[in-house]
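So you can see what is in the structure, the chains are spelled out below.
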Amino acid sequence: MSFKEKINKTKLPEHVAIIMDGNGRWAKGIGKLRIFGHQSGVGAVREAMEGCVDLGIRYLTLYAFSSENWSRPKLEVQALMELLVNTLAKETQTFIKNGVRLNTIGNISDLPKRCQEKLLEIIDLTKNNNTCILTLALSYGSRMEIVESTKSICAQVLAGTLNLEDINEKTISKNLETNDLPDPDLMIRTSGEQRISNFLLYQLAYTELCFLPIMWPEFVREHLFEAVYNYQSRERRFGKTS
Ligand code: FPP
């Protein structure tokens, strides 16, 4: 029986987040340049997206470029931005066919103009799709997101539109860039590294974590199905007893 057949369709995670890691190491391992690893990672993005659509997972969030990734060699950054634009252009029909709505978090204004324009174009084109919401985290860093959220809350208090006593966990969630997304139920990271790397720190508080010992270009939908199957065997207690 395949993992897909074993999955309980009534207990699906609503939101899966993925740290796509290991492109560079995978490429190096076969004697190629790092960018070849990123290019090969595009197929894995499609696998993850179509796997979510196939299962009926409503939200998929991918860590595509962190705010720290800007300090990589200039050529690699340029190649990644180029790859983003080309992939969005090429995969437009895949988004439409699968009913995928594109969304972003992160400082999109840091990206080259043509990336911003392409993102806006596809976001607009897919705005009425509702099968799966694909969020790309681009120039994203969770600590900075929390800093910005804090500033916004302080500004509301200073303006008199929010009482200090009324600030609670929901206030923070509502002031994060992910305010229109549920917290992830399952977070997958490839490459065998077991860390969060400044990704959705507040939102992952009770998320089940799954670390896969494969590199991102090797990721296929079967890995998603296996991770979802394993997720379903866990008891989520949210700090309470069973
Ligand atoms: C991490 O691998 C991966 C990235 C920083 C970029 C992810 C980009 C893609 C999968 C391709 C395009 C994406 C979209 C959404 C079109 P790494 O380079 O850190 O690998 P390493 O840890 O082995 O060096």
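Residues numbered from 1 in each chain as written. Predicted model: local features only at pLDDT ≥ 70, side-chain atom pairs only at ≥ 80, totals over all residues. Heavy atoms only, no water.

J.: Looking at this structure, how should I read the packing of aromatic side chains?
T.: For any pair of aromatic rings, geometry is given as the distance between the ring centres together with the angle between the planes. Counted under the stated rule, the structure contains 8 aromatic pairs. Taking the centre distance of 5.9 Å and the plane angle of 10° together, the rings of tryptophan 26 and phenylalanine 36 count as stacked. In this pair, tryptophan 26 is assigned in helix 2 (residues 23–29) and phenylalanine 36 in helix 3 (residues 34–55), connecting sequence segments 10 residues apart. By relative accessible area, phenylalanine 36 is classed as partly exposed at 30%. When the centroid spacing of 5.7 Å and the interplanar angle of 50° are considered together, the rings of tyrosine 206 and phenylalanine 238 count as tilted. Of this pair, tyrosine 206 sits in the loop between strand 5 (186–189) and strand 6 (208–211) while phenylalanine 238 sits in the segment after helix 8 (221–232), and the two are 32 residues apart along the sequence. Between lysine 6 and the ring centre of tyrosine 229, over which it is positioned, the NZ or CZ distance is 4.9 Å. The aromatic ring of phenylalanine 36 is capped on one face by lysine 32, whose charged end is 4.9 Å from the ring centroid. (Phe/Tyr/Trp six-rings, centres within 6.5 Å; stacked < 30°, edge-to-face > 60°. Helix = DSSP H or I, 4+ residues; strand = E, 2+ residues; numbered from the N terminus. Buried < 20%, exposed > 50% of the residue type's maximum accessible area, 1.4 Å probe, protein only. Lys NZ or Arg CZ within 6 Å of the ring centre and 35° of its normal.)

J.: What exactly am I supposed to notice about the side chain of glutamate 76 here?
T.: In this fold, glutamate 76 is placed in helix 4 (residues 74–98). Contacts of glutamate 76, omitting those with residues within four sequence positions, involve Arg34 and His38. (Contact = heavy atoms within 4.5 Å.)

As far as function goes, none of this settles anything; it's purely spatial.
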